[in-house]
Amino acid sequence: MDLSIVYANVHFPNPIVLASGILGVTGNSLKNVIENGAGGVTTKSIWLEEHLGHPNPTMMGNEHFFVNAVGLPDAGIEKAKDEIGTYMNWYNSQDKKAPLIASIVAGKISDFAEIAEKIAELKPHAIEVNISCPNVEDELGKPFACDRDQAAEVTKIVKKRTNGEYPIVVKLSPNVNNLTEIAKAVEAAGADGITAFNTFGPGMVIDIETAQPVLANKVGGVSGPGLKPLVVKGIFDLYEAVKIPIIGTGSVLTGRDAIELMMAGATLVGVGTAVYYRGNDVFGKIAQEMEEWCDENDVKDMSEIVGRSHRV
Ligand SMILES: Cc1cc2nc3c(=O)[nH]c(=O)nc-3n(C[C@H](O)[C@H](O)[C@H](O)COP(=O)(O)O)c2cc1C
């Protein structure tokens, strides 16, 4: 069946998109993600200037959870121009029209304005505004996504500096107790969509043999399959609170997981950590599993399952 779906007026061949920060480093790796079955890609978060991440070890996972303190390493916008250019040239040269979402990040609101303007010159299909990374708090303080007014201010400035020409998707944090208030504020500030969520926490894992935290940074953002009920509940609440569409991201390993997030209210489904559990071709595997479930359950169009749990 045709798995295509429209998100913020952008057409995606299927709802599975690469989440930011995983595999999205070079134009060629983004292209490989599409060849491995994704319906779209999100770049890793791009800074104005080069940004060093945290020292190793930066990641650790088991069958229940995954922690990372990669720390948003990036070569900066000048290098990203080449990589996004490579992807866009490929996009224009063939028929698999899988959109590119450019993720931007900054430590100051004024830097968000500048990076937004520069990224818009590259004509991505949408811009994701990362205001929610929990593992750079030592450097940047509490993420803007944890404060309603700051989240709205970043949204407004990014929307303004891109002249309203690109869908602006604001990536929210699950680590707040006023999630729907924050979502309403970014919607009112001009966001065209939201991504729910970035990683949880930060959390910590201790090696009991050495009594030391496993990550060099000591703490890291938490993802992985055990978080799914929290992600589903967050998306469910957001769907009732705002009209703008949601990229449901977090804990998805299988087609059934993706369908669950869509029934809660997601239009697209971001997939990141699943690469560590099921390999680089996880995108196509999940899309295939979704297709099989839809065929068995007489779903004719993917939009039928978006928010289905709110209509029963
Ligand atoms: C290794 C790693 C690096 C990440 N880097 C970024 C990043 O650069 N920007 C961002 O917005 N989110 C980043 N994230 C968060 C993911 O995009 C995603 O929101 C989160 O991991 C939940 O989805 P998942 O369970 O499918 O991984 C990163 C996550 C991981 C595991």
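Okay, so let's go over this structure. Everything numeric here is computed off the predicted structure, so don't read it as measured data. (Residues numbered from 1 in each chain as written. Predicted model: local features only at pLDDT ≥ 70, side-chain atom pairs only at ≥ 80, totals over all residues.)

Okay, the sheet that holds strand E7 (residues 100-104) next. Backbone-to-backbone hydrogen bonds pair the strands of a sheet. The strands run either parallel or antiparallel. With respect to topology, 8 strands assemble into a closed barrel ordered E3-E4-E7-E8-E9-E10-E15-E16, the strand pairing being parallel. Geometrically, the sheet is characterised by an average inter-axis angle of 25° between neighbouring strands, direction not taken into account. Against the sheet, helix H3 (residues 109-120) makes contact with E7 and strand E8 (126-130), and its axis sits at roughly 155° relative to E7, the strand it touches most. The strands touched by helix H8 (residues 255-264) are strand E3 (16-18), strand E15 (246-249) and strand E16 (266-271); relative to E16, the strand with the most contacts, the crossing angle is about 145°. (Pairing = 2+ DSSP bridges. Helix = DSSP H or I, 4+ residues; strand = E, 2+ residues; numbered from the N terminus. Axes fitted to C-alpha atoms, helices over the stretch in contact; angles between N-to-C directions. Contact = placed C-beta atoms within 7 Å.)

This part is about the packing of helix H7 (residues 228-241) against H8. In the contact formed by H7 and H8, the axes pass within 8 Å of each other and the chain directions differ by 30°. By the angle class used here, H7 and H8 are roughly parallel. Within the contact between the two elements, H7 uses Lys 228, Val 231, Val 232, Ile 235, Phe 236 and Tyr 239 and H8 uses Asp 257, Glu 260, Leu 261 and Ala 264. Considered class by class, the residues forming the contact of H7 with H8 number 7 nonpolar, no polar and 3 charged. (Parallel < 35°, antiparallel > 145°, perpendicular 65-115°, else oblique. Nonpolar A, V, L, I, M, F, W, Y, C, P; charged D, E, K, R; others polar.)

Attention now moves to the site of the ligand. Lining the immediate surroundings of the ligand are 27 residues, of which Ala 19, Ser 20, Gly 21, Gly 272 and Thr 273 lie closest. Contributing elements (two or more residues each) for the shell around the ligand: strand E6 (66-68) and E16. Across the shell around the ligand, the residue classes break down as 10 nonpolar, 15 polar and 2 charged. (Near = placed C-beta within 6 Å.)

This part covers the sheet that holds strand E5 (residues 59-61). With respect to topology, 4 strands assemble into an open sheet ordered E5-E6-E14-E11, the strand pairing being antiparallel. Whereas interior strands pair on both sides, the edge strands pair on one side only; in this sheet they are E5 and strand E11 (200-204). Averaged over all pairs of adjacent strands, the angle between strand axes in this sheet comes to 35°, irrespective of strand direction. Summarising the sheet, E11 and strand E14 (residues 219-223) pair through 3 bridges and their orientation is antiparallel. For Met 204, the partnering residue across the bridge sits in E14 and is Val 219.

Ranked by size, the top nonpolar core spans 103 residues in total, and within it Ile 104, Ile 127, Val 169 and Ile 194 carry the most contacts. Contact partners of Ile 104, with chain neighbours within four places excluded, come to Ser 45, Ile 46, Phe 112, Ile 115, Ala 116, Ile 119, Ile 127, Val 129 and Asn 130. (Core = buried A, V, L, I, M, F, W, Y, C linked by C-beta atoms within 7 Å. Buried ≥ 20, exposed ≤ 12 C-beta atoms within 10 Å, placed from the backbone.)

What follows covers the pairing of E15. Residues Ile 246 and Gly 248 of E15 are buried on one face, and the alternating residues Ile 247 and Thr 249, pointing to the opposite face, are buried as well. Here strand E10 (residues 193-196) pairs with E15 via 3 bridges, running parallel. Looking at the pairing, Ile 194 lines up with Ile 246 of E15. Note that E15 and E16 share 4 bridges and pair parallel.

Before going further, it helps to examine helix H1 (residues 27-35). Within H1, burial applies to Gly 27, Leu 30, Val 33 and Ile 34. Taken around the axis of H1, the buried residues stretch over an arc of 120°, which confines them to a single face. Positioned one or two residues after H1, Gly 37 has a phi angle of 105°, which is positive. (Arc of directions from axis to C-beta.)

With that settled, consider unusual backbone geometry. Both trends apply: most residues other than glycine have a negative phi, and most peptide bonds are in trans. The step from Ala 196 to Phe 197 runs through a cis peptide bond, and the omega angle for that step is 25°. Secondary-structure assignment places Phe 197 in the loop between E10 and E11. Here the residue pair Gly 201 and Pro 202 is connected by a cis peptide bond, since its omega of 15° sits within 30 degrees of zero. Here the phi dihedral of Ala 8 falls at roughly 50°; this positive angle occurs in a residue that is not glycine. By the element assignment, Ala 8 lies in the loop between strand E1 (5-7) and strand E2 (10-12). For Ala 8, a count of 20 C-beta atoms within 10 Å gives the class buried. Positioned with a positive phi, Asn 163 is a non-glycine residue whose angle comes to about 55°. Assignment of secondary structure puts Asn 163 in the loop between helix H5 (148-161) and strand E9 (168-172).

This next bit is on the environment of Lys 228. Topologically, Lys 228 is positioned in helix H7. Judged by local crowding, Lys 228 falls into the partly exposed class, with 16 C-beta atoms found within 10 Å. Taking C-alpha positions, Lys 228 is 34 Å from Glu 49, a pair spaced 179 residues apart along the chain. For Lys 228, the contacting residues outside a window of four places in its chain are Ser 251 and Asp 257.

This paragraph deals with the environment of Ala 152. Topologically, Ala 152 is positioned in helix H5. The exposure class assigned to Ala 152 is buried, which follows from the 21 C-beta atoms found within 10 Å. Separated by 39 residues in sequence, Ala 152 and Ala 191 place their C-alpha atoms 8.8 Å apart. Here Ala 152 is in contact with Ala 185, Val 186, Ala 188 and Ala 189, once residues within four sequence places are set aside.

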